Amino acid sequence: QVQLVESGGGLVQSGGSLRLSCAASGIIFSINFMGWYRQAPGKQRELVAIITSGGSTNYADSVKGRFTISRDNAKNTVYLQMNSLKPEDTAVYYCKAERVRSYAGPRDYWGQGTQVTVSS
């Protein structure tokens, strides 16, 4: 069974930095996309950043130039380096692994979420 475990959230002041990590465990043959989404109170979940197995990336306009997504394919781990954090970045951040190939067949998986709070 594939599971995603996130870490690295917390409380930080405006302008500060945090690094999120998400490790996929289980018998995994490949993961196509790995990404980070976030959901603030009263808002819909939105894409923050996504990265392909080949290293191509895409970012939400609101985080371009401040956040950097990366991944270690050998460890099935994705990272999100968040710099110059703003109060509006406050949300629960979710990791997602898309088109994961395992014995269960190709499917998507979500992490449990990690809280990021940016104080002004």
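In this report, the structure presented in the accompanying data block is examined. Keep in mind that this is a model prediction, so the values were computed, not measured.

## Let's talk about the pairing of strand 7 (residues 67-72)
Phase 1: On strand 7, burial follows the alternation: Phe 67, Ile 69 and Arg 71 on one face are buried, whereas Thr 68, Ser 70 and Asp 72 on the facing-out side are not.
Phase 2: The pairing of strand 7 with strand 8 (residues 77-82) spans 6 bridges and is classified as antiparallel. Among the inter-strand pairings, Thr 68 is bridged to a residue of strand 8, identified as Gln 81.

## Section: the nonpolar core
Phase 1: One finds Trp 36, Leu 80, Met 82 and Tyr 93 to be the most contacted residues of the largest nonpolar core, which totals 32 residues.
Phase 2: Mapped by element, the contributors of at least two residues to this core are strand 3 (18-25), strand 4 (28-39), strand 5 (46-52), strand 7, strand 8, strand 9 (91-102) and strand 11 (114-119).
Phase 3: Per-element accounting of this core gives the leading share, 5 residues, to strand 9.

## Digging into the side chain of Glu 6
Phase 1: As for its placement among the helices and strands, Glu 6 is situated in strand 1 (residues 3-7).
Phase 2: Within the buried core, Glu 6 has no salt-bridge partner, and the shortest N-O distance to an opposite charge, that of Arg 45, equals 7.9 Å.
Phase 3: Looking at Glu 6, its side chain comes within polar contact range of the main-chain nitrogen of Gly 113, at 2.4 Å.
Phase 4: When near neighbours in sequence (up to four residues on either side) are disregarded, Glu 6 contacts Ser 21, Cys 22, Trp 36, Tyr 93, Tyr 94, Cys 95, Gly 111, Gln 112, Gly 113 and Thr 114.

Rules used in this analysis
- Residues numbered from 1 in each chain as written.
- Predicted model: local features only at pLDDT ≥ 70, side-chain atom pairs only at ≥ 80, totals over all residues.
- Heavy atoms only, no water.
- Buried < 20%, exposed > 50% of the residue type's maximum accessible area, 1.4 Å probe, protein only.
- Helix = DSSP H or I, 4+ residues; strand = E, 2+ residues; numbered from the N terminus.
- Pairing = 2+ DSSP bridges.
- Core = buried A, V, L, I, M, F, W, Y, C linked by side-chain atoms within 4.5 Å.
- Lys, Arg positive; Asp, Glu negative; His and termini not counted.
- Salt bridge = Lys/Arg side-chain N within 4 Å of Asp/Glu carboxyl O.
- Polar contact = N/O pair within 3.5 Å; in protein donor to acceptor, adjacent residues only side chain to side chain.
- Contact = heavy atoms within 4.5 Å.

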